[in-house]
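# Reading the structure
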Amino acid sequence: ARAIFVAWSMSDEAPVVVPEPAPAKDKKPRGPKKPRISGYLQMFYRRTFFTSSDGAVDPANFRVQRARIAIEGDALRWLGYDLSIDPRAPEVTGILRDAYLTIKKVIPHHRVRLGQQKTQFGYENVESSTRLWAINRSEVSDNLSRGLTLRDLGIGILGGWPLGQGIRLDDAVTVVNGNGMNRQDDDTKRKSYWGRLGVRYQNDRGWARLGFSGAIGDYIDPADPLDPIPMAVHVAFKRIGADVEIDTPWAFAAGEFVWGRDELPTETADEQGYYVNLVGKLPYKTGPIVRYDVLGDEFQRY
């Protein structure tokens with residue numbers, strides 16, 4: 001809006017109206033923005049005690065659980081980048097974690113990722129470890145909700161469609177090589193497809209989300225050097241999952257169920273598992289966590 005200033009003359013003539021010049025419009029900065037550098041450390045100490053009939057326990061130990069350094073930013077208004085490394089990775093193939101470009105304005109309400117990224121399946125695996133309530137992911141997430149590794153090379157489309165009244169439809173899909181992270185070759189018969197479709201509701205008191213996931217693909221299970229005859233095995237897999245999360249100011253709850261089938265050259269194996277995670281939120285960012293974790297017929301843990 002332009003302000004109007006009135007200048008009175010010394011005569012009896014009508015006042016002269018002098019408009020203020022319009023201010024120059026601020027131009028939005030163009031070109032790359034400064035990158036944001038972040039990172040975190042997780043230290044670990046464990047002292048085990050007897051929980052089984054054979055009395056075998058692991059020795060007490062210290063270790064660096066996670067050490068991450070991340071760089072993210074925008075090269076252009078519509079093009080971003082993410083890069084993260086793990087200097088403490090025991091193998092060189094685990095040092096490079098996320099490494100992808102993000103295209104922001106191709107599909108409304110969505111972003112497209114190109115490069116090494118997490119495969120989209122369920123709730124727990126796609127969340128950063130800094131946002132999880134438990135220190136470690138469940139056995140279901142580590143064994144059924146991923147391929148050869150949690151990250152792989154390919155393309156991803158992530159986003160959601162707002163439906164109004166606090167309801168949103170979430171969708172995410174990734175198409176990857178299937179050989180795991182930091183593998184430049186692709187010697188599998190087909191690509192691997194991972195996806196999740198969910199509904200999210202949010203209001204002033206918290207949010208709730210229900211999702212369904214599916215995956216199909218294959219990978220080469222590397223040879224075990226301890227086997228008498230080491231041999232890599234081709235595995236074709238199928239995965240189906242369902243997850244639910246409820247977050248309130250005083251509590252959080254999450255549950256996930258996953259069924260999987262692995263087709264090997266000589267046999268077909270089915271397995272399923274689930275976990276339930278209950279969190280109480282007390283003042284000063286403290287509170288109790290209870291998780292029940294089940295995988296197949298041989299593993300269950302509180």
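Turning next to a nonpolar patch on the surface. Where nonpolar side chains cluster on the molecular surface, the patch consists of Ile-37, Ile-69, Ile-71, Leu-83, Ile-85, Val-92 and Ile-95 and spans about 590 Å² of accessible area. Counting residues per element, the ones that place at least two in the nonpolar patch are β4 (61-76) and β5 (79-85). Note on placement: Leu-83 falls in strand β5.

Further remarks concern the side chain of Ser-192. For Ser-192, the position within the fold is in strand β10 (residues 192-203). What makes Ser-192 buried here is its relative accessible area of 1%. Only 3.3 Å separates the side chain of Ser-192 from the backbone oxygen of Asp-218, close enough to count as a polar contact. Discounting chain neighbours no more than four positions away, the residues touching Ser-192 are Thr-174, Val-175, Val-176, Asn-177, Gly-178, Ile-216, Gly-217, Asp-218 and Phe-237.

Note that strand β9 (residues 167-176) and β10 share 10 bridges and pair antiparallel. For Asp-170, the partnering residue across the bridge sits in β10 and is Gly-198. Relative to strand β11 (residues 206-221), β10 runs antiparallel, the two being bridged by 11 bridges. Counted as the bridge partner of Tyr-193 is Ile-216 from β11. In this antiparallel pair of consecutive strands, β10 and β11, the connection spans 2 residues.

Throughout the structure, instances matching the rule amount to 19 salt bridges. Of the charged contacts, one joins Glu-139 and Arg-301 as a salt bridge, the two residues approaching to 3.9 Å between their closest N and O atoms. Of the two residues, Glu-139 sits in helix α1 (residues 139-143) while Arg-301 sits in strand β16 (residues 299-301), which places them 162 residues apart along the sequence. The exposure class assigned to Arg-301 is partly exposed, which follows from its relative accessible area of 35%. Linking Glu-245 and Arg-209 is a salt bridge whose minimum nitrogen-to-oxygen distance equals 2.9 Å. Remark: Arg-209 occurs in strand β11 and Glu-245 occurs in strand β12 (residues 233-247); sequence separation between them is 36 residues. Residue classification places Glu-245 among the buried residues on the basis of a relative accessible area of 0%. Residue classification places Arg-209 among the buried positions, given a relative accessible area of 14%. Linked by salt bridges that have partners in common, Arg-68, Asp-86 and Arg-88 make up one network.

Let's shift gears to the environment of Ile-246. One can find Ile-246 in strand β12. Spatially, the C-alpha atoms of Ile-246 and Leu-210 are 9.0 Å apart, while their sequence positions differ by 36 residues.

Looking now at the packing of aromatic side chains. The full count for this structure, using the stated rule, is 9 aromatic pairs. Considering the side-chain rings of Tyr-45 and Phe-62, the 4.6 Å spacing of their centres and the 40 degrees angle between planes classify their relative orientation as tilted. One end of the pair, Tyr-45, is in strand β3 (residues 36-46); the other, Phe-62, is in strand β4, with 17 residues separating them in the sequence. You can call Tyr-45 partly exposed: its relative accessible area is 45%.

Analysis parameters
- Residues numbered from 1 in each chain as written.
- Predicted model: local features only at pLDDT ≥ 70, side-chain atom pairs only at ≥ 80, totals over all residues.
- Heavy atoms only, no water.
- Patch = residues over 30% accessible without salt bridge, like charges linked within 9 Å, V, L, I, M, F, W, Y side chains within 5 Å.
- Areas by Shrake-Rupley, 256 points an atom, 1.4 Å probe, with all protein chains shown as cover.
- Salt bridge = Lys/Arg side-chain N within 4 Å of Asp/Glu carboxyl O.
- Helix = DSSP H or I, 4+ residues; strand = E, 2+ residues; numbered from the N terminus.
- Buried < 20%, exposed > 50% of the residue type's maximum accessible area, 1.4 Å probe, protein only.
- Polar contact = N/O pair within 3.5 Å; in protein donor to acceptor, adjacent residues only side chain to side chain.
- Contact = heavy atoms within 4.5 Å.
- Pairing = 2+ DSSP bridges.
- Phe/Tyr/Trp six-rings, centres within 6.5 Å; stacked < 30°, edge-to-face > 60°.

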